[in-house]
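Listed below are the residues making up each chain.
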Amino acid sequence: MRESHSTYTGLFNVKYQLEKTREPFTREAVLQLPKNRCGLYAIWLATDIVAGEAVYERLYAGISTTCVRRRLLQHLSNEENPQLRTELRMFGEFVYFSFAFTEETAETLELETALIREWQPVTNRYKLG
């Protein structure tokens, strides 16, 4: 895992960062993230390999306005979204995560809404309302 991530702003930059670097969604990988950084994150499912490259399905897009690390650990230990919980249990070794840090809460909320509307991850459907 990279030791540091820059702070990304703007939807294009955030999408690029989230799609560029994926890590196995394990407690060990999440614990390498810095504490108390707000931002967005995505949870991915590796579904296939095409021409030697993994193909990923977007399972979930989320935010933390206080600590991305803590929020991802919550997903690993006590997932309240039943559909995401099922995906994590069934396909754990094929699940990955990515993240992008932001600076402002309002910007973070706007970016999450835009990502969910554009990507429509399978376990975020309830947020599209």
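Heads up: the structure comes first, above all this text.
Since this is a predicted model, take the numbers as computed values, not measurements. (Residues numbered from 1 in each chain as written. Predicted model: local features only at pLDDT ≥ 70, side-chain atom pairs only at ≥ 80, totals over all residues. Heavy atoms only, no water.)

A.B. asks: I would appreciate a short explanation of helix H3 (residues 68–77) in the present structure.
C.D. replies: One turn of the α-helix equals 3.6 residues, which is why residues spaced by three or four share an orientation. Taken together, the buried positions of H3 are occupied by Val68, Arg69, Leu72, Leu73 and His75. Considered in projection along H3, the buried side chains sweep an arc of 155 degrees and stay on one side of the axis. (Buried < 20%, exposed > 50% of the residue type's maximum accessible area, 1.4 Å probe, protein only. Helix = DSSP H or I, 4+ residues; strand = E, 2+ residues; numbered from the N terminus. Arc of directions from axis to C-beta.)

A.B. asks: Help me understand the packing of helix H1 (residues 11–20) against helix H5 (residues 105–119) in this model?
C.D. replies: To describe two helices that pack against each other, one gives the angle between their axes and the distance between the axes. Viewed as axis vectors pointing N to C, H1 and H5 meet at an angle of 65 degrees, and their least axial separation amounts to 10 Å. Relative to H5, the element H1 is oriented roughly perpendicular. By crossing handedness, the relation of H1 to H5 is classed as right-handed. Two secondary-structure elements touch here, H1 through Leu11, Val14, Lys15, Leu18 and Glu19 and H5 through Leu111, Ala114, Leu115, Glu118 and Trp119. The residue makeup of the contact of H1 with H5, split by class, is 7 nonpolar, no polar and 3 charged. (Axes fitted to C-alpha atoms, helices over the stretch in contact; angles between N-to-C directions. Parallel < 35°, antiparallel > 145°, perpendicular 65-115°, else oblique. Left-handed = near helix turned anticlockwise from the far one by under 90°. Contact = heavy atoms within 4.5 Å. Nonpolar A, V, L, I, M, F, W, Y, C, P; charged D, E, K, R; others polar.)

A.B. asks: Sorry if this is basic, but what is going on with the packing of aromatic side chains here?
C.D. replies: One pair of aromatic rings is described through two measures. These are the centre distance and the angle between the planes. Tallied over the full model, the rule gives 7 aromatic pairs. Judged by centre distance (5.5 Å) and plane angle (80 degrees), the rings of tyrosine 56 and tyrosine 96 are edge-to-face. Highlighted residues: tyrosine 56 in strand S3 (residues 53–64) and tyrosine 96 in strand S4 (residues 95–101), separated in sequence by 40 residues. Each member of the aromatic cluster is reached from another via a ring pair, and the members are Phe25, Phe97, Phe99 and Phe101. If you follow arginine 22 out to its NZ or CZ, it ends over the ring of tryptophan 44, 4.1 Å from the centre. (Phe/Tyr/Trp six-rings, centres within 6.5 Å; stacked < 30°, edge-to-face > 60°. Lys NZ or Arg CZ within 6 Å of the ring centre and 35° of its normal.)

A.B. asks: What should I look at first to understand a nonpolar patch on the surface in this one?
C.D. replies: Taken together, the side chains of Met90, Phe91 and Phe94 define a hydrophobic patch exposed on the protein surface, amounting to about 300 Å² of accessible area. Looking at where methionine 90 falls in the secondary structure, it is placed in helix H4 (residues 82–91). (Patch = residues over 30% accessible without salt bridge, like charges linked within 9 Å, V, L, I, M, F, W, Y side chains within 5 Å. Areas by Shrake-Rupley, 256 points an atom, 1.4 Å probe, with all protein chains shown as cover. Salt bridge = Lys/Arg side-chain N within 4 Å of Asp/Glu carboxyl O.)

A.B. asks: Just to check I follow, could you spell out the pattern of salt bridges for this structure?
C.D. replies: For side chains bearing opposite charge, pairing can occur when the charged atoms are close. Here the structure, examined in full by the defined rule, presents 2 salt bridges. Note that glutamate 118 is salt-bridged to lysine 15, the shortest N-O span being 2.5 Å. Placement of glutamate 118 in helix H5 and of lysine 15 in helix H1 is noted, with a sequence separation of 103 residues between them. A residue is classified by how much of its surface remains accessible, and lysine 15, at 18% relative accessible area, is buried.

A.B. asks: Could you clarify how one ought to interpret the nonpolar core in this entry?
C.D. replies: Soluble globular proteins tend to bury their nonpolar side chains together. Phe25, Ile43, Leu59, Leu72 and Phe97 are the most contacted members of the largest nonpolar core, which has 19 residues in total. Elements represented by at least two residues in this core include exactly helix H2 (27–30), strand S2 (39–50), S3, H3, H4 and S4. Contact partners of isoleucine 43, with chain neighbours within four places excluded, come to Phe25, Glu57, Arg58, Leu59, Tyr60, His75, Leu84, Leu88, Val95, Tyr96 and Phe97. Counting residues in hydrophobic clusters, the runner-up holds 14 residues, among them Ala42, Trp44, Ala100 and Ile116. (Core = buried A, V, L, I, M, F, W, Y, C linked by side-chain atoms within 4.5 Å.)

A.B. asks: Would you mind showing me how to read the environment of arginine 85 here?
C.D. replies: Checked against the element boundaries, arginine 85 lands in helix H4. Look at arginine 85 and you get partly exposed, because its relative accessible area is 28%. Taking the C-alpha atoms as reference points, arginine 85 and histidine 75, 10 residues apart in sequence, are found 8.0 Å from one another. What arginine 85 contacts, discounting residues up to four positions off in sequence, is Glu79 and Glu80.

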